[in-house]
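Per-entry structural report
Below, each chain spelled out in residue letters.
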Amino acid sequence: MPKAPTIEQLLQNGSAEWNRLRKAGKVPTEHTGATFAQLFSANADLSGLELVGSEWERCDLSKVNFRDTDLSNAYFHGGRLQDCDFRGANLEGATFEKLKLLRCDFTGARGLEEADFDEVDMDRVTGLDGEEPPPPPPPPVQGITAFTREQRDKVMGPGSLLAPASEQQQAENELPPFKPQDNPGQLFFRALKRLGSPPLWVLDVSGLRPLLPTRLPPGSSLETLYREAVKTRLENKKPAADPGAVERAQRSLRMGAKDSNLAAMYLREVGVVPSFRFSAAKVLKDALREELAVDDLTGSVDPRTTGALLELRLPQEVVEHTHEVRRRLSATQLYSALLEAGFNPDNNWEEALESAEPAMELAQLATGEDRQALLESFQVFSALPEEARLRRLAYLAEALGHLELLGRLPEGMEPAWLSGPETRECHDREMTYVQSLRAEDIPKKVAALAKAELGVPEGEVPEESEDDLFVHLRCDVCGKEKLIVQSPAEE
């Protein structure tokens, strides 16, 4: 019998799955001595469990329910516990060491007098021996540098001592802190909430899990149908394929039309396999090159183009652009964090830049040591409308994810041939790529096919073909196979 998964494994798979099994009564309640390392979990129901002597090493727990749980002799070390419910839990002999407790509730917990809290940063924690919630920690230096000199003087200068506490708090809250360490998705989400109603283009960056537009305008274009399908999927529904739209998308790919990127992405969303792959390669790669040819450090890249290249498995002459897109994203991410914190090219943004190591790393990746280029690009970026800046950040983040996945595809996924489409089509569709072979592989893997297609005697290696690439294709309709030779001179 296979061994039942442990609580550690189940929680690693996600709190939703754990809660489902818990509700169905398919998991035990006794987990003495369980060990969790660097676990990230949100909304997990651990109420009433036996977690005696459990160890929690550098875990990030949010809204986890420990109500009436036996945590005697448990050991929490490092990490962060946010909005966790310890009401009625047994904490006799438990240790909380070198971690952050934020808005956790210990009301009615047992054994608190025998629990040990060592180097714990508490913020709005309730129920510890009836104590009042401790005041929030003072803002870090990095947070203070989020403001202009005038604002910081108002907060920290001599005049601040005479100002009422409410005014000090208002001054501190006037702008958010400078957070260059936050990933593009976090910056995007915060900015999107400030923007109000989400624009339609957020559906092009589904990997960032954006807030969704309430409704889409009617239309029958591939772009509209693609966005409708993305919205449906993000609402946890299954997009339905429109037969007419599917036919249009397949035709667009076969003809290498300008909307090939939308065609490929629509087919992906509705779960239809593209009949044509290589026929759209040129137009997609040309579109990507055109965007990257623009001399703009924060110039956008359409993620529907990179997504189509990924969906069609076309890495040749594409992955080499990954560094440039990463460079553009680094600059855009840095500028977005600066503007969010109230900096602009005319105030002390360089001081903020030097106050945070992540900001220095982004600047280094964007322009190296060229501070003048960094400033000039910041001036261009800050002059854009807010939505345009946000769109650039989101598009570059999504496109970079696609390019990084393209770089992990197996070698030979897209042979660099120049043969015409007639050599790789059968039954009105492209033949499916099977494998790429070297000359020495021919006798072992496709001897009969090599004899039929190329006249190579079975069991022999093709003559003078040490540097050639042999591409094996098969028709999904009739099963016919081809072997195409590509020589170095043709690349």
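Each remark here, short or long, concerns the structure printed above.
Thresholds, definitions, all that
Residues numbered from 1 in each chain as written. Predicted model: local features only at pLDDT ≥ 70, side-chain atom pairs only at ≥ 80, totals over all residues. Heavy atoms only, no water. Phe/Tyr/Trp six-rings, centres within 6.5 Å; stacked < 30°, edge-to-face > 60°. Helix = DSSP H or I, 4+ residues; strand = E, 2+ residues; numbered from the N terminus. Buried < 20%, exposed > 50% of the residue type's maximum accessible area, 1.4 Å probe, protein only. Expected span 1.5 Å × (residues − 1). Arc of directions from axis to C-beta. Contact = heavy atoms within 4.5 Å. Pairing = 2+ DSSP bridges. Axes fitted to C-alpha atoms, helices over the stretch in contact; angles between N-to-C directions. Patch = residues over 30% accessible without salt bridge, like charges linked within 9 Å, V, L, I, M, F, W, Y side chains within 5 Å. Areas by Shrake-Rupley, 256 points an atom, 1.4 Å probe, with all protein chains shown as cover. Salt bridge = Lys/Arg side-chain N within 4 Å of Asp/Glu carboxyl O. Lys, Arg positive; Asp, Glu negative; His and termini not counted. Charge placed at Lys NZ, Arg CZ, Asp CG, Glu CD. Core = buried A, V, L, I, M, F, W, Y, C linked by side-chain atoms within 4.5 Å.

Scanning all chains against the criterion turns up 18 aromatic pairs. Ring centres of Phe76 and Phe86 lie 6.4 Å apart, and the angle between their planes is 80°; this geometry places the pair in the edge-to-face category. With Phe76 in strand S4 (residues 75–82) and Phe86 in the loop between S4 and strand S5 (95–97), this residue pair connects regions lying ten residues apart in the sequence. The class for Phe76 is buried, based on a relative accessible area of 1%. The interplanar angle of 80° and the centroid separation of 6.0 Å between the aromatic rings of Phe106 and Phe117 together place this pair among those described as edge-to-face. Placement of the pair is Phe106 in the loop between strand S6 (100–102) and strand S7 (116–118) and Phe117 in strand S7, with a sequence separation of eleven residues. By the ring-pair criterion, three or more aromatic residues cluster together here, those being Phe36, Trp56, Phe66, Phe76, Phe86, Phe96, Phe106 and Phe117.

Another aspect to go through is unusual backbone geometry. The residue Asn43 is not glycine, and still its phi comes out positive at about 65°. Along the chain, the position of Asn43 falls in the loop between strand S2 (40–42) and strand S3 (55–62). Even without being a glycine, Asp68 presents a positive backbone phi close to 60°. By the element assignment, Asp68 lies in the loop between S3 and S4. Judged by relative accessible area, which is 49%, Asp68 ranks as partly exposed.

This part takes up helix H10 (residues 281–292). For an α-helix, 3.6 residues make a turn, and residues three or four places apart therefore share a direction. With twelve residues, H10 extends 17 Å between its outermost C-alpha atoms, agreeing within 8% with the 16 Å of an ideal straight helix rising 1.5 Å per residue. Every buried residue of H10 is accounted for by Ala281, Leu284, Lys285, Leu288 and Leu292. End-on view of H10: buried residues confined to an arc of 95°, all on one side of the axis. Opposite the buried face of H10, at more than 90 degrees from it, the exposed residues are Lys282 and Glu290. On its buried side, H10 packs onto helix H9 (260–269), helix H11 (303–311) and helix H12 (322–340).

A few words on the side chain of Thr322. The topology assignment puts Thr322 in helix H12. Dropping the residues within four chain positions of it, Thr322 is found in contact with Leu400, Leu403 and Glu404.

With that out of the way, let us pick up the pairing of strand S12 (residues 469–474). A large share of S12 lies buried, amounting to five of its six residues. Two elements, strand S11 (residues 432–437) and S12, share five bridges in a ladder whose sense is antiparallel. The residue bridging Thr432 from the neighbouring strand is Arg474, located in S12.

This paragraph deals with the sheet that holds strand S13 (residues 481–486). Strand order in this open sheet of three strands is S11-S12-S13, and the pairing throughout is antiparallel. Looking at the sheet topology across the chains shown, the edges are occupied by S11 and S13. Direction aside, neighbouring strands of the sheet carry axes that sit 25° apart on average. For S12 and S13, the ladder comprises six bridges, and the chain directions are antiparallel. Bridge pairing links Leu469 to Gln486 in S13. Packing against the sheet, helix H18 (residues 447–454) makes contact with S12 and S13, and its axis sits at approximately 75° to S13.

Taken together, the side chains of Glu440, Glu460, Glu463, Glu464, Glu466 and Asp467 define an acidic patch exposed on the protein surface. When you line up the elements, Glu460 lands in the loop between H18 and S12.

It is worth spelling out the nonpolar core at this point. Among the nonpolar cores identified, the biggest contains 76 residues, and Phe178, Phe188, Tyr266, Leu334, Tyr335 and Leu338 are the most heavily contacted of them. With ten residues, helix H16 (residues 386–406) is the largest single contributor of residues to this core. Leu49, Trp56, Phe76 and Phe96 belong to the second largest nonpolar core, which has 38 residues in total.

It is worth spelling out the side chain of Ser336 at this point. Structurally, Ser336 is set in helix H12. Relative accessible area serves as the criterion here: at 15%, Ser336 is assigned to the buried category. What Ser336 contacts, discounting residues up to four positions off in sequence, is Leu187, Phe381 and Leu393.

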